[in-house]
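Here are the chains, one letter per residue:
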Amino acid sequence: MITRTKYDPKAVEHKWQAQWETEQVYRASDDPAKPDLKPKFYHLVMFPYPSGDLHMGHWYNYSPFDAYGRLKRMQGYNVMQPIGFDAFGLPAENAAIKRGVQARTWTLANIENMRKQLQAMGAGWDWSREVITCLPDYYKWTQWLFLQFYKHGLAYRTKAPANWCPGCNTTLANEQVLADGTCERCGSVVERREIDQWLLKISAYAEELLKFEDIEWPEKTVTMQRNWIGRSEGAEVRFKAEIEGKQEEIPVFTTRPDTIYGVTFFVLAPEHPWVAKITTPERKDAVEAYVDQARRMTEIERMSAEKEKSGVFTGGYVINPVSGEQIPVWIADYVLMGYGAGAVMGVPAHDQRDFEFARKFNLPIRQVILAEDEEPTDPATWESAKEALGRMINSGPFDGTSGDESKTKVTRSIEEQGVGKATVNYRLRDWLISRQRYWGCPIPVVYCEKDGLVPVPEDQLPVRLPENVQFKSTGESPLRYEESFLNTTCPTCGGPATREADTMDTFICSSWYYLRYSDPHNDQEAWSQEQMRKWLPVDQYVGGVEHAILHLLYSRFFTKALRDMGHLSFGEPFKRLYHQGMVLGPDGQKMSKSRGNVEAPDKYIETYGADTVRCYMMFIGPFEAGGSFKAENLEGVWRFLNRFWSLVTESWTDNPSTEETTESKAIERLRHKTIKRITEDLSNFRFNTALAALMECNNALIKQQHESVARTAAFQRALETMMQLLAPLAPHITEELWHQTGHEGSIHLSTWPAFDEAMTHDESFTLVVQVNGKVRERLEAPAGISEDDVRRLVLSNERVLSFIGDATVQKVIYIPGRLANIVIRNVR
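Predicted model only: the values in this text are computed from it and were never measured.

### Examining the nonpolar core
Then step 1. In terms of nonpolar packing, the biggest core is built from 178 residues, with Phe149, Trp431, Phe558 and Leu729 touching the most fellow members.
Then step 2. Sequence-distant contacts of Leu729, defined by excluding residues within four places in its chain, comprise Ala67, Arg614, Cys615, Met618, Leu682, Phe687, Leu691 and Leu694.
Then step 3. Residues Leu268, Val275, Val287 and Leu363 belong to the second largest nonpolar core, which totals 49 residues.

Okay, here's the thing in structure tokens:
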């Protein structure tokens, strides 16, 4: 029954949030005993980190996301829209240390607060599927997954250089070190340390990770991942050296085998195992000092284009297997062990990095490639390397070989001589997952003096994280000193053993959470095959582009590896990906506590209600572009919702007139136009233009609100349709009006309105008539009128003819649906 009262968002929103929860309106149907005939739609947003409070950035992300899920539900899909919390990690641990509380206590308190805030948003979350990654019922399966990777040779432990953050007191993956060599989390300068660490062999999937044929992802993200993986085609050439009286080989990867005769020096990474072997006694001190210096630098620093080249001669030599020339061996920090084999053949004439190194240390520069229409010149006069392809010169039997065939011909010769082969190299390194911190998922292995490294049996999972630990002032992980955790028995021999004290990178938890949502309460397996096949992969994923080479790349790796292990039936986790933009502070800058421009939603919900805040966040700009939050602009959206409330409550009638009038026909046409426009806009994430269209329609109906029109069936249909079209964006006010106008069931389970394409086109339009470019008349013309009929129409109009007079009509130019320009020439 219609209540002609003022719009009270607080009362409306509390009422319907409770009702939706009671009726489980948003719970996805997956009862095997009750098969759902609707097609599934798995709709997912990147789950939040429980930092304590939601901010406007969350609302900017979640409000449009939720609107899209509501659209799909009304379009007849069985929508699964789960939510959870990415709850392990350094921020919670550091916050807990600072406040003198346990990390678990701090994290769960934040989750409780954020859960209430998420519920206040009125989003269509399926709370029955909530996952919290720091709870044992979740991380038991994170540990199980680690064991599957270990069992299949994709998880391994090794001693190797690692990125060490002194501020966080832990190692970092390469992806977590910023371009300036600092930690992405705390900003500390990252160091290099050689320690025992666990890695996942993501490099085994480098080639497949380059393929995106079966998914709809933003091109920017695809490009970022491809660049990070960094595929290079070339050749492996095996240089030779005499080590302790024996001939040994050092493989080198090069993308330019055509420059093999231009090699004038050879460079090893400071960490290369050959450095100690090939260094002569008299060069030992200088080499060791340089190695120690390089060890303290990050890879980012070492690879910087701005950094001045440095290096040290080892005193040793290698033999070029193609030319037979003896080449001096240097070490330099710009060569990394993780790329190729940690060795580089220096070709200063045709590689800029090598050119700078040769100039710095006065090494020979020999031109072996001649670009088209170029004459050989003295390299001593060059300002930079000549990196273009071209004809081979100074290259023995290959002289004269063209640039088109030079690489292939040299590679074939190398293979025939047995000194190398064609190969592909990747920039992508294996994923370092060890973290020397407490608040993370324990790695399920133990170390036994008798049996060595022993995986924890699956039936002994989870390895539980102790909940009450004492932190040291040094920042070291308390797990290293927690005897109740550290000391255990060997699963193989039953003797004393110690647990692994490192925990996993939290990106492990988020690399599979989308799988757990399909079967979140299963305590026998991470997910059942039945539920996996029903729900996965994710149909629509929404989140920030900043995760392009972290979470999104890691999730793809997990999915492909688990498919190959037989646990999944698909190879891509997310069919369709959309990146939201960034909501900025009122000053137009990124919101941050240090700038003092962070806006929390709570006070605005208290004043205007969740629907107003939701709609405003969708109205500030295109979803992918973002925009500035300006509190004063909430008033405009607030007025729109109040006007809509008044329109419905004042105009609704249960006994509309079926009489058709010119006005009712126009309203029906407006209804169909609006349905088409909103459907297209929401389907393409154009939430701001959808709201603009709804505001236009609302204003048009208000203008027609006089009794003779408002009581027509067409007007009432328009009101009903407006409620449904606005429902995904403003779910509470529309639900209230839907029930006040006598409808049964939730508006969010009603059928999305359909439109008739023919009704989206006007029956007539206003034709602007010009004479020699000047507007002289406006005429009503039927839609679809032909050009000949336009000519007859305008040349028969008395007013138009008065402007033509005795002049000669040369032509009539018609722009369909808009104007006709009559071009005349005056009679002399």
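### Some thoughts on helix α5 (residues 136–151)
Then step 1. Its 16 residues give α5 an end-to-end C-alpha distance of 22 Å, which sits within 8% of 22 Å, the value for a rise of 1.5 Å per residue.
Then step 2. Here α5 lies mainly inside the structure; 12 of its 16 residues are buried.
Then step 3. Looking one or two residues past α5, Gly153 carries a phi angle of roughly 75 degrees, positive in sign.

### Some remarks on the side chain of Asp681
Then step 1. Topologically, Asp681 is positioned in helix α21 (residues 662–683).
Then step 2. Take Asp681: its relative accessible area is 7%, and that puts it in the buried class.
Then step 3. Among the polar contacts listed, one links the side chain of Asp681 to the side chain of Thr689, at a separation of 3.0 Å.
Then step 4. A distance of 3.3 Å separates a polar atom in the side chain of Asp681 from the backbone nitrogen of Ala690.
Then step 5. Contact partners of Asp681, with chain neighbours within four places excluded, come to Arg686, Thr689 and Ala690.

### A closer look at the environment of Val322
Then step 1. Here Val322 shows up in the loop between β9 (312–319) and β10 (326–331).
Then step 2. Filtering out sequence-adjacent residues up to four positions away, Val322 remains in contact with Ile260, Tyr261, Phe398 and Ile414.

### Some details on the pattern of salt bridges
Then step 1. Taken as a whole and judged by the stated rule, the model has 39 salt bridges.
Then step 2. Taking the shortest distance from any N to any O, the salt bridge between Arg671 and Glu668 comes out at 3.0 Å. You can see Arg671 and its partner Glu668 sitting in helix α21, three residues apart, about one turn around the helix.
Then step 3. Judged by its relative accessible area of 13%, Arg671 falls in the buried class.
Then step 4. Accessibility expressed as a relative area gives 13% for Glu668, which makes it buried.

### A closer look at the sheet that holds strand β27 (residues 774–782)
The strands that make up a sheet are held in pairs by hydrogen bonds between backbone atoms, and each pair lies either parallel or antiparallel.
Then step 1. Pairing is mixed in the open sheet, where four strands are placed in the order β27-β26-β29-β28. In this open sheet, the two strands that pair with only one neighbour each are β27 and β28 (808–815). Strand-to-strand twist across the sheet, computed as the mean angle between neighbouring axes with direction ignored, equals 20 degrees.
Then step 2. Of the strand pairs in this sheet, strand β26 (residues 764–771) and β27 are connected by eight bridges, and their pairing is antiparallel. Bridging across to β27, Thr766 finds its partner in Glu780.

### Some words on the sheet that holds strand β1 (residues 40–45)
Then step 1. Within the open sheet, the four strands sit side by side as β2-β1-β22-β23. Their pairing is parallel. In this open sheet, the two strands that pair with only one neighbour each are β2 (78–80) and β23 (574–579). The mean angle between the axes of side-by-side strands here comes to 20 degrees, regardless of whether they run parallel or antiparallel.
Then step 2. Relative to β2, β1 runs parallel, the two being bridged by three bridges. The residue bridging Phe41 from the neighbouring strand is Val79, located in β2.

Rules behind the numbers
Residues numbered from 1 in each chain as written. Predicted model: local features only at pLDDT ≥ 70, side-chain atom pairs only at ≥ 80, totals over all residues. Heavy atoms only, no water. Core = buried A, V, L, I, M, F, W, Y, C linked by side-chain atoms within 4.5 Å. Buried < 20%, exposed > 50% of the residue type's maximum accessible area, 1.4 Å probe, protein only. Contact = heavy atoms within 4.5 Å. Helix = DSSP H or I, 4+ residues; strand = E, 2+ residues; numbered from the N terminus. Expected span 1.5 Å × (residues − 1). Polar contact = N/O pair within 3.5 Å; in protein donor to acceptor, adjacent residues only side chain to side chain. Salt bridge = Lys/Arg side-chain N within 4 Å of Asp/Glu carboxyl O. Pairing = 2+ DSSP bridges. Axes fitted to C-alpha atoms, helices over the stretch in contact; angles between N-to-C directions.

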